[in-house]
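What the coordinates show
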Amino acid sequence: MLLKTKELDEIVVKDLLAQNDLKGIRVAFKEMETADISEVYEDLDIRHCIALFRLVPKERRAEVFSHMHFELQEELLAHLPDIVGITILNEMAPVDRTRLLEELPQEISTRFILKLNPDGIFLSNGPGDPKATSIVVQGLLIKLFKTNIPIYGICLGHQLIALALGADAIAIGTGSMIALNCNKDIPEADFEKEMGVK
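Residues numbered from 1 in each chain as written. Predicted model: local features only at pLDDT ≥ 70, side-chain atom pairs only at ≥ 80, totals over all residues. Heavy atoms only, no water.

Some remarks on the side chain of Arg 61
Which entries qualify depends on this criterion: In this text, helices come from DSSP runs of H or I with a minimum length of four residues, and strands from runs of E with a minimum of two, each type numbered from the N-terminal end. For every residue, the accessible area (1.4 Å probe, protein chains only) is compared with the maximum for its type, and the residue is labelled buried under 20%, exposed over 50%, or partly exposed between those bounds. The charge count includes Lys and Arg as positive and Asp and Glu as negative, but it does not include His or the ends of the chains. Any Lys or Arg side-chain nitrogen found within 4 Å of a carboxyl oxygen on Asp or Glu counts as a salt bridge. In the analysis that follows, any N or O atom pair within 3.5 Å is treated as a polar contact, provided that within protein one partner can donate a hydrogen and the other can accept it, and provided that, for residues neighboring in sequence, both atoms belong to side chains. Any two residues having at least one pair of non-hydrogen atoms within 4.5 Å are treated as being in contact.
By the element assignment, Arg 61 lies in helix 5 (residues 58-67). Despite its burial, Arg 61 pairs with no opposite charge, the nearest such side chain being Glu 59 at 8.0 Å. Polar contacts involving the side chain of Arg 61 include one to the main-chain carbonyl oxygen of Val 56, which spans 3.1 Å. Sequence-distant contacts of Arg 61, defined by excluding residues within four places in its chain, comprise Phe 53, Arg 54, Val 56, Val 84 and Ile 88.

Some remarks on the side chain of Arg 60
Within the secondary structure layout, Arg 60 lies in helix 5. The side chain of Arg 60 sits in the buried core without any salt bridge; Glu 33 is the nearest counter-charge, 5.6 Å away. Once residues lying within four places of it in the same chain are set aside, the contact partners of Arg 60 are Phe 29, Lys 30, Glu 31, Met 32, Glu 33, Thr 34 and Ile 37.

Digging into unusual backbone geometry
In this structure, Asn 20 takes a positive phi of about 60° despite not being glycine. When you line up the elements, Asn 20 lands in the loop between helix 1 (5-18) and helix 2 (22-31). Under the relative-accessibility criterion, Asn 20 is labelled exposed at 58%. Phi angles above zero are rare outside glycine, and Asn 117 is one such case at about 50°. Inspection of the secondary structure assignment puts Asn 117 in the loop between helix 9 (106-116) and strand 1 (121-123). Residue class for Asn 117 comes out exposed when judged on its relative accessible area of 57%.

Observations regarding the environment of Gly 139
Structurally, the position occupied by Gly 139 is in helix 10 (residues 130-145). Overall, the relative accessible area of 32% leaves Gly 139 in the partly exposed class. Residues Gly 139 and Gln 106, 33 residues apart in the sequence, show an inter-C-alpha distance of 8.4 Å.

Things to note about helix 7 (residues 82-91)
Listed as buried for helix 7 are Val 84, Gly 85, Ile 86, Ile 88 and Leu 89. Residues of helix 7 that are buried in the fold lie against helix 4 (46-53), helix 5, helix 6 (70-79), helix 8 (94-103) and helix 9.

Concerning the nonpolar core
Across soluble globular proteins, nonpolar side chains have a tendency to be buried as a group. Applied cut-off: Put simply, a nonpolar core is a bunch of buried Ala, Val, Leu, Ile, Met, Phe, Trp, Tyr and Cys residues held in one set by side-chain atoms that sit within 4.5 Å of each other.
By size, the foremost hydrophobic cluster in this structure holds 46 residues, and its most contacted members are Phe 29, Tyr 41, Phe 53, Phe 65, Met 68, Leu 76 and Ile 88. Setting aside residues no more than four positions away along its own chain, Phe 53 makes contact with Tyr 41, Arg 61, Val 64, Phe 65, Met 68, Leu 76, Leu 80, Val 84 and Ile 88.

Regarding the packing of helix 9 against helix 10
Basically, it comes down to this: Fitting a line to C-alpha atoms yields each axis, with helices limited to the stretch in contact; the angle taken between N-to-C directions then spans 0 to 180 degrees. Orientation is classified from the angle alone, with under 35 degrees giving roughly parallel, over 145 giving roughly antiparallel, 65 to 115 giving roughly perpendicular, and any other angle giving oblique. Should the near helix be turned counterclockwise from the far one by less than a right angle, the crossing is left-handed, whereas a clockwise turn marks it as right-handed. Under the convention adopted here, Pro, Cys and the residues Ala, Val, Leu, Ile, Met, Phe, Trp and Tyr are nonpolar, Asp, Glu, Lys and Arg are charged, and Gly plus all remaining residues are polar.
Put simply, helix 9 and helix 10 touch, their axes get as near as 11 Å, and they point 30° apart. Considering their axes alone, helix 9 and helix 10 lie roughly parallel with respect to each other. Judged by the sense of rotation from one axis to the other, the crossing of helix 9 with helix 10 is right-handed. On helix 10, the residues touching Gln 106, Thr 110, Ile 113 and Leu 114 of helix 9 are Val 136, Gly 139, Leu 140, Lys 143 and Leu 144. In terms of residue class, the contact of helix 9 with helix 10 is made up of 5 nonpolar, 3 polar and 1 charged.

From the geometry alone we can't say anything about function, so treat these as descriptive.
Spelled out as structure tokens, the structure:
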């Protein structure tokens, strides 16, 4: 049976690791495909993953990281120095970075959001029940309110901000949502009636 190149690469790296040949691993990581490098980590404990990750050339780390499964990404971010994690997050595609930060446990996510020092934070629209969602994000929002980072919200995002600040949110019917989203003038009395305001 012939082994594929990536399987050979994994065997070589694991042999080099067994021999504690860090220089050889560094050379192998310069030549291997980034997706293949990420597969080397699959069977290793977190200590070895951290040690090996530091051997990946800096300019390739974000790409290698993006190929890893979520659980390993989470563990690495929890254990790597913040400066390494921030560098990786800054080099990731914005969509991938956002998805990752949304899925991480709140304490890790909050730590990195604050360290990334964004110009602003935008909480987008739903779908979702603002009261159920606020349970998940309220602690994060309260921490963010204590910073100088502007926080913007649209629809559900705006409701989450209001709930985190102690306001209440009520459900309104779909007819009201249609009235709010249409581009026609609605007399004030009709609008208040539509919204249920007395």
